[in-house]
Amino acid sequence: MNLNTAMIPDDRLMPAQAAAVRALIAVAGADRVATDVPLSALGRWRIGGPADIVVTPADAAALGRVLAVIEDLELPRVIIGDGSNLLFDDAGFRGVIVRIGRALGEFELREDGIVDAGAGLWVPTFVRRVIDAGLSGAVHAIGIPGTLGGLVTMNGGSQRRGIGENVVHVDAFDRHGQAHRLDHEALAYSYRASRLQHGDLVVTSVRLRFSPGDRQAMHREARSILRARREKFPKVRANCGSVFVSDPKLYDLIGPPGMAIERAGLKGKAIGGAQLSPDHANFIVNNGGARAQDVLALIRIARDRVAELSGIRMDAEVRHLAPDGTMRPAHQVADHIHVAQYQGT
Ligand SMILES: Cc1cc2nc3c(=O)[nH]c(=O)nc-3n(C[C@H](O)[C@H](O)[C@H](O)COP(=O)(O)OP(=O)(O)OC[C@H]3O[C@@H](n4cnc5c(N)ncnc54)[C@H](O)[C@@H]3O)c2cc1C
């Protein structure tokens, strides 16, 4: 599975864990299961302690079997795509991470602007294929480094658009590996949010509808979006994109979160290895050796100071994974961080 992680021999694992690993190998294959995996290798922030087990199923059928085993053994489990919107905990995760990889990356063009695509498809590839099909409506997502499954879960997009606008339905497994189809209504889309964020369902594929567009004009627009992003966003340093979600009231009062953080005098503020980016204050970059605690402290400080300035508390788009498998927006965890030690740093 290309994680550069040796499997821990059976006799060094706790008996229950060894049994879980054997059961998962039986349904997913030995090369698809890894133990004691540093989460820093799986997330874009390059932060996080070890996960007990990581499974990357080879196809949707294997994914269904993996989920059934995890449920039978009552193991905590979390689904991830490319980890481009996730803050992994310094203490790691005591359960099974199920990674939706490129193997679930099919793309099928149907009639009348309808596209069926796999949850593991890389978003920029998905967008290029939609453009090549002469369909418009996906270009705004061209620069988003994640999987399509992550995108439809986060209702990701740019220019204040979200992919949810185009979703007709998703096919997903429940905790037992049973297949379900959820239509647009059931997905309860709102800005950067969807019902899929409850974490109980695993998206395997997505049906989307687009309208006809001019290929050349869309390719030009895609190039211009990528150019603008390259200029605006931090280069080189590991990051997870925008940390806070834009709030319409804050937008009217001050502007987007990055501007509000800058106005609060925090642009460039560093704690440990983490820093509110000097290029774009709504990004937190890992300058090397950053811990989740550093990122959470910056989130808390930015949220508090912007609230003092505007009366509005910014919510995080980025989600935090706790060692017990609880996944929630990072500000909810940051609110419990003690920041007194960081004041004046
Ligand atoms: C440099 C950079 C720029 C970014 N720019 C943008 C941007 O412009 N707009 C934007 O919206 N986002 C942006 N992001 C954030 C991120 O790329 C998107 O949210 C992306 O869609 C997440 O996809 P992922 O596969 O990495 O999901 P992950 O981060 O792995 O997971 C995100 C959430 O989705 C869930 N999930 C993932 N796959 C599935 C699945 N198959 N079934 C069920 N649940 C699933 C996870 O459990 C988690 O709750 C950016 C990130 C980076 C690093």
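Each chain has its residues counted from 1, running along the sequence as written. Where local features are concerned, this predicted model is filtered to residues with pLDDT of at least 70; where side-chain atom pairs are given and counted, the filter is 80 or more; whole-chain, interface and lining totals use all residues. Heavy atoms throughout the structure, all of them, feed into the side-chain values; hydrogens and water do not.

## Comments concerning the overall build of the protein
For clarity, the cut-off: Numbering of helices and strands runs from the N terminus, with a helix taken as a DSSP run of H or I at least four residues long and a strand as a DSSP run of E at least two residues long. Taken over C-alpha atoms, the radius of gyration is set against a globule rule of 2.2 Å times the number of residues to the power 0.38. Burial here depends on accessible area, computed with a 1.4 Å probe over protein chains only, as a share of the maximum for the residue type. Under 20% is buried, over 50% is exposed, and the range in between is partly exposed. Residues are treated as being in contact if the distance between any of their heavy atoms lies within 4.5 Å. Per-residue accessibility takes into account occlusion by the displayed protein chains alone, with areas from the Shrake-Rupley method and a 1.4 Å probe. In this charge count, Lys and Arg are treated as positive and Asp and Glu as negative; neither His nor the chain ends contribute. Every charge is mapped onto a representative atom, which is NZ of Lys, CZ of Arg, CG of Asp or CD of Glu.
The number of helices and strands found in the protein is 9 helices and 18 strands. For 345 residues, the compact-globule estimate of 2.2 N^0.38 gives 20 Å, and the protein sits close to it at 20 Å. Principal axes of the C-alpha set define a box for the protein whose edges measure 55 × 55 × 35 Å. Among the 345 residues that make up the protein, the fraction classed as buried is 54%. Of the contacts made within the protein by residues no fewer than 6 positions apart, 65% connect residues no fewer than 24 positions apart. In the structure as shown, the protein presents an accessible area of about 15200 Å², 49% of it carried by carbon and sulfur atoms. Of the charged side chains in the protein, 41 are positive and 38 negative, and the gap between their average positions amounts to 6 Å.

## Quick look at the sheet that holds strand 3 (residues 77-80)
Put simply, the test is: Two strands are counted as paired when DSSP detects at least two bridges linking them. Fitting a line to C-alpha atoms yields each axis, with helices limited to the stretch in contact; the angle taken between N-to-C directions then spans 0 to 180 degrees.
The strand order 1-2-5-3 describes an open sheet built from 4 strands, whose pairing is mixed. Of all strands in the sheet, those bounded by a partner on one side alone are strand 1 (33-38) and strand 3. For this sheet the average axis-to-axis angle between neighbouring strands, irrespective of direction, equals 30°. Against the sheet, helix 1 (residues 15-28) touches strand 1, strand 2 (50-55) and strand 5 (93-99), its axis set at about 25° to strand 2. Against the sheet, helix 2 (residues 60-72) makes contact with strand 2, strand 3 and strand 5, and its axis sits at roughly 160° relative to strand 5, the strand it touches most.

## Regarding unusual backbone geometry
Phi at Glu74 takes a positive value of approximately 55°, unusual for a residue other than glycine. Exposure remark for Glu74: the relative accessible area of 70% places this residue in the exposed category. Even without being a glycine, Asn155 presents a positive backbone phi close to 50°. Tracing the backbone through its elements, the reader meets Asn155 in the loop between helix 4 (148-154) and strand 9 (167-173).

## Here we look at the pairing of strand 7 (residues 114-118)
Most of strand 7 is tucked away, with 5 of its 5 residues classed as buried. Judged by which residues are buried, strand 7 turns out to be covered on both faces: Ile114, Asp116 and Gly118 on one side and Val115 and Ala117 on the other are all buried. Connecting strand 6 (residues 107-109) to the next strand, strand 7, in antiparallel fashion are 4 residues, including Asp112 with a positive phi near 60°.

## Re the environment of Trp122
With respect to the element layout, Trp122 can be found in the loop between strand 7 and helix 3 (123-132). Counting along the chain gives 27 residues from Trp122 to Gly149, while the straight-line C-alpha distance between them is 9.2 Å. Non-local contacts of Trp122, meaning those with residues more than four positions away in its chain, are made with Arg44, Asp82, Arg102, Pro145 and Gly146.

## So, helix 8 (residues 292-310)
Spelled out, the test is: Every helix has an expected span of 1.5 Å times one less than the residues it contains.
Taking 1.5 Å of rise per residue, the 19 residues of helix 8 would be expected to cover 27 Å, and the 27 Å separating its terminal C-alpha atoms lies within 8% of that figure. Where burial is concerned, most of helix 8 is hidden: 15 out of the 19 residues are buried. Once helix 8 finishes, Gly311 follows within two positions and takes phi at roughly 80°, a positive value.

## What to know about the site of the ligand
To be explicit about the condition: Near is defined per residue: the residue qualifies when any heavy atom it owns lies within 4 Å of the molecule or strand. What qualifies as a polar contact is a pair of N or O atoms within 3.5 Å, subject to a donor-acceptor requirement within protein and to the restriction that residues adjacent in sequence count only when both atoms come from side chains. Polarity classes work like this: nonpolar for Ala, Val, Leu, Ile, Met, Phe, Trp, Tyr, Cys and Pro, charged for Asp, Glu, Lys and Arg, and polar for all others, with Gly in that last group.
By nearness alone, 33 residues border the ligand, and Ile79, Gly81, Ser84, Thr147 and Gly157 come closest of all. At a separation of 3.0 Å, an oxygen atom of the ligand approaches a polar side-chain atom of Arg319. For the ligand, whose accessible area on its own is 970 Å², the fraction buried by protein is 94%. Elements with a minimum of two residues in the shell around the ligand: strand 3, helix 4, strand 11 (202-209) and strand 13 (238-242). At 5 residues, the largest contribution of residues to the shell around the ligand is made by helix 4. A class-by-class count of the residues in the shell around the ligand yields 14 nonpolar, 13 polar and 6 charged.

## Looking at the nonpolar core
Applied cut-off: Only buried residues count toward a nonpolar core. Its members are Ala, Val, Leu, Ile, Met, Phe, Trp, Tyr and Cys residues joined through side-chain atoms within 4.5 Å.
Leu24, Phe126 and Val152 are the most contacted members of the largest nonpolar core, which totals 53 residues. Residues in contact with Val152, not counting those within four places in the same chain, are Ile163, Val167, Val170, Tyr189, Ser194, Leu196, Val203 and Val206. Among the nonpolar cores identified, the runner-up in size contains 36 residues, and Ala274, Ala281, Leu298 and Ile312 belong to it.

## Description of the packing of helix 3 against helix 5 (residues 215-232)
Stated precisely, the cut-off is as follows: Each angle is binned into one of four classes, with values under 35 degrees roughly parallel, values over 145 roughly antiparallel, values of 65 to 115 roughly perpendicular, and all other values oblique.
Where helix 3 meets helix 5, the axes come as close as 9 Å, and the angle between the chain directions of the two elements is 155°. Considering the angle they form, helix 3 stands roughly antiparallel to helix 5. Of the residues in helix 5, those in contact with Arg128, Ile131 and Asp132 of helix 3 are Arg215, Met218, His219, Ala222 and Leu226. When its residues are assigned to classes, the contact of helix 3 with helix 5 shows 4 nonpolar, 1 polar and 3 charged.

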